[in-house]
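# Chain and residue survey
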Amino acid sequence: MQKSVKTKALVIGGSAGSFQVLVRMLELFRPGLPIPVFLCLHRLKQVRSGFEETLNYNASLPVREPFDKEKIGRGIVYLAPANYHMLIEKEFSIALSTEDPVNHSRPSIDLCFGSAADAYGPALLAILLSGANQDGTMGVASVKSRGGAVMIQDPDDCEISTMCESAIKLTKPDRILTVPEIIEFVSLL
Amino acid sequence: MFSITPREASSVIRVIKSTYGTDLSGFTMASFRLRLSHILKSHAIRDTRVLVGKLLEDKDYYETFVRDISIGSPDLFRDPDFWIHLRDRLLPDILKSRLYPEIVVPECVTGDELYSLVVLLQEAGNDFRVDLVATCRNKLIMDRILDGKLSNLRYKNSRDNYRVFNPGSSIEDYFELRNGTRHFRTDLLQGVEFRLQSPDQTECSDKTALVLYRNRMLYMNPELQSTRLRQLLQEMKEGTCLVTGIRETIEGFGLDHLYTVVSPDLKIYAKIREN
């Protein structure tokens, strides 16, 4: 796996069972982290407010839902807005999309990871967490195919293991980690 | 998923520009590439070289391509808060000062915003007398909107949104089953004036009170966004409202002298007199 110093962006995907892990991760990111973090979580489409505020509550970095074509900055956590796909453009801005759901999901982890892999190539680190469908499987494969690093939550450690098992079946990740190991890893970024 | 490279996408854009004069270079590249992948798959085309060949020799196929590369709104009553505000606040305010105002929905692709508006007006009955104008990029898009077919997924999402908009009613009433598929009722679209988009033709008239332009700019790069916004705002008369998608922004384009913000959350703007 490549060294974290070369990492220029972190993308995290999760669904059912990932929320508490994420809250803990967000608490432990180093303030002033010199890279952007993209967060793609499956969430209720009708609930537009409250989620960002909840994640911000104890987070060490600002968490925000981006507007379309927002320029990407370091040390900011970009949370995919409810009911939009979040794509990373090559010129390092965020493009939102209302295209059809992928794997019944909008935002789609596959699209977010895939576009980030295109934009950052080997400098991308992807983390896939617990979830109940197969979204993320193709995204993780895209990250690996462009030389990025992939970490997947240990299916035995997941509240719901479907998402991580599916991704591991298709792609050999750089690491399979438990929640404490993931949390320790992100605190060292 | 992102199997089409930026280079391949650019070559398709170049061919279309040189053959048909249509400039698609203002599309957001990630979305455009994704859309190209969908087209190759759904049209059973092996790769972009074959696609370019078809585009070069078949004008009818080009029209199909334009229809399928365009991205629509995904479902009816998306962002129910906006539709509630439109029904309860914005339209009543407009109707206080204008008789038979016109609402323009530019660049319709799948018709969802138009259908939502038609349902809203139908439910308001004679209280809301407005003229509706919808513009489309080509005839195939117009035909698709008039056909009104909705997939099960779009219907389900639309139904969920509508339940928030009007909890006491059912969206089912606005659809009919044809061969087991749901279609928006064609009779409800009879009062809508459909126009083909043309660079030479303005979209707004003196009667236009509201322009629904939600989530259209998501698929444009900032240069094209700026051009389209300027064009629309300059066509609009003083007091005409413009609505964009809730995650879109019109700030930062140097157009602040043309509008005032009516609702920052719902992204409603009103044209002001140019100084």
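### Overview of the overall build of chain B
Of regular secondary structure, chain B possesses 9 helices and 10 strands. Rg of the C-alpha trace for chain B: 19 Å, near the compact-globule value of 19 Å for 275 residues, within the 12% margin. Looking at chain B residue by residue over its 275 residues, the buried ones come to 37%. At a minimum sequence separation of 6, the contacts of chain B that also span at least 24 residues come to 75%.

### A few points about the environment of Thr48 of chain B
Along the chain, Thr48 of chain B turns up in helix α3 (residues 48–57). C-alpha separation for the pair Thr48 of chain B and Tyr259 of chain B, spaced 211 residues apart in sequence, amounts to 42 Å.

### Here we look at the interface of chain B and chain A
Contacts between chain B and chain A engage 19 residues on the former and 22 residues on the latter. Breaking the side of chain B that touches chain A down by element, the ones donating at least two residues are α2 (29–42) and α8 (152–165) of chain B. Ranked by residues supplied to the side of chain B that touches chain A, first place goes to α2 of chain B with 3 residues. Taken together, the residues that form the side of chain B that touches chain A break down as 11 nonpolar, 5 polar and 3 charged.

### Quick word on the nonpolar core
Counting residues in each nonpolar core, the largest one holds 118 residues, and the members touching the most others are Val11, Phe38, Leu39, Cys112, Ala116 and Ala126 of chain A. Ranked by the residues each element gives to this core, the list is headed by helix α3 (residues 109–120) of chain A, at 8 residues. For this core, the two domains that each supply at least three residues are domain 1 (6–69) and domain 2 (80–271) of chain B. Not counting chain neighbours up to four residues away, the residues in contact with Val11 of chain A comprise Phe38, Cys112, Phe113, Ala116, Leu124 and Ala126 of chain A.

### Quick look at the sheet that holds strand β3 (residues 63–64) of chain A
Residue and element names in this part refer to chain A. Pairing in this open sheet of 7 strands is parallel, and the strands run β3-β5-β2-β1-β8-β9-β10 from one edge to the other. In this open sheet, the two edge strands, each paired with only one partner strand, are β3 and β10 (175–177). Relative to strand β8 (residues 124–128), strand β1 (residues 9–14) is paired through 5 bridges, and the arrangement is parallel. Bridging from a neighbouring strand, Ala9 pairs with Leu124 of β8. Seen against the sheet, helix α4 (residues 137–145) touches β1, β8 and β9 (149–153) and runs at an angle of roughly 155° to β8.

### Describing the domain arrangement of chain B
Residues and elements named next belong to chain B. By domain assignment, chain B separates into domain 1 (6–69) and domain 2 (80–271). Summarising the inter-unit geometry, the C-alpha centres of domain 1 and domain 2 are found 27 Å apart. Each partner contributes residues to the interface: domain 1 has 8 residues there, and domain 2 has 10 residues. Split into classes, the residues belonging to the side of domain 1 that touches domain 2 amount to 2 nonpolar, 4 polar and 2 charged.

### Focus on the packing of helix α1 (residues 6–20) of chain B against α2 of chain B
Residues and elements named next belong to chain B. Remark: α1 packs on α2, axes separated minimally by 10 Å, with the N-to-C direction vectors making an angle of 80°. Between α1 and α2, the angle is such that the two are roughly perpendicular. The residues of α2 that touch α1, namely those facing Pro6, Ala9 and Val12, are Met29, Phe32, Arg33 and Leu36.

### Structural notes on unusual backbone geometry
Each neighbour pair has its own omega, and for Arg106 of chain A with Pro107 of chain A the value is 15°, a cis peptide bond. For Pro107 of chain A, the location among the structural elements is in the loop between β7 (93–97) and α3. Even without a glycine there, the phi angle at Lys69 of chain A is positive, about 70°. Residue Lys69 of chain A is classed as buried on the basis of its C-beta count, with 22 C-beta atoms lying within 10 Å. Of note, the phi angle at Phe77 of chain B is positive, near 55°, even though the residue is not glycine. Structurally, the position occupied by Phe77 of chain B is in the loop between α4 (59–69) and α5 (80–97). The exposure class assigned to Phe77 of chain B is buried, which follows from the 26 C-beta atoms found within 10 Å.

### What about the sheet that holds strand β5 (residues 181–184) of chain B?
Residues and elements named next belong to chain B. If you trace the 3 strands from one edge of the open sheet to the other, you get β3-β5-β4, paired in antiparallel fashion. This sheet does not close on itself; its edge strands, each paired only once, are β3 (149–150) and β4 (175–178). As defined by bridge partners, β4 adjoins β5 across 4 bridges and the pair is classed as antiparallel. Counted as the bridge partner of Phe175 is Phe184 from β5.

### Some words on the packing of α3 of chain A against α4 of chain A
Residues and elements named next belong to chain A. Taken N-terminus to C-terminus, the directions of α3 and α4 make an angle of 10°; their axes are 7 Å apart at the nearest point. Taken together, the axes of α3 and α4 lie roughly parallel to each other. Together, Ile109, Asp110, Cys112, Phe113, Gly114 and Ala117 of α3 and Met138, Gly139, Val140, Ser142 and Val143 of α4 make up the contact between the two elements.

Rules used throughout
Residues numbered from 1 in each chain as written. Chains lettered and ligands numbered in written order. Predicted model: local features only at pLDDT ≥ 70, side-chain atom pairs only at ≥ 80, totals over all residues. Helix = DSSP H or I, 4+ residues; strand = E, 2+ residues; numbered from the N terminus. Rg over C-alpha atoms; globule rule 2.2 N^0.38 Å. Buried ≥ 20, exposed ≤ 12 C-beta atoms within 10 Å, placed from the backbone. Contact = placed C-beta atoms within 7 Å. Nonpolar A, V, L, I, M, F, W, Y, C, P; charged D, E, K, R; others polar. Core = buried A, V, L, I, M, F, W, Y, C linked by C-beta atoms within 7 Å. Domains from an automatic or database assignment. Pairing = 2+ DSSP bridges. Axes fitted to C-alpha atoms, helices over the stretch in contact; angles between N-to-C directions. Parallel < 35°, antiparallel > 145°, perpendicular 65-115°, else oblique.

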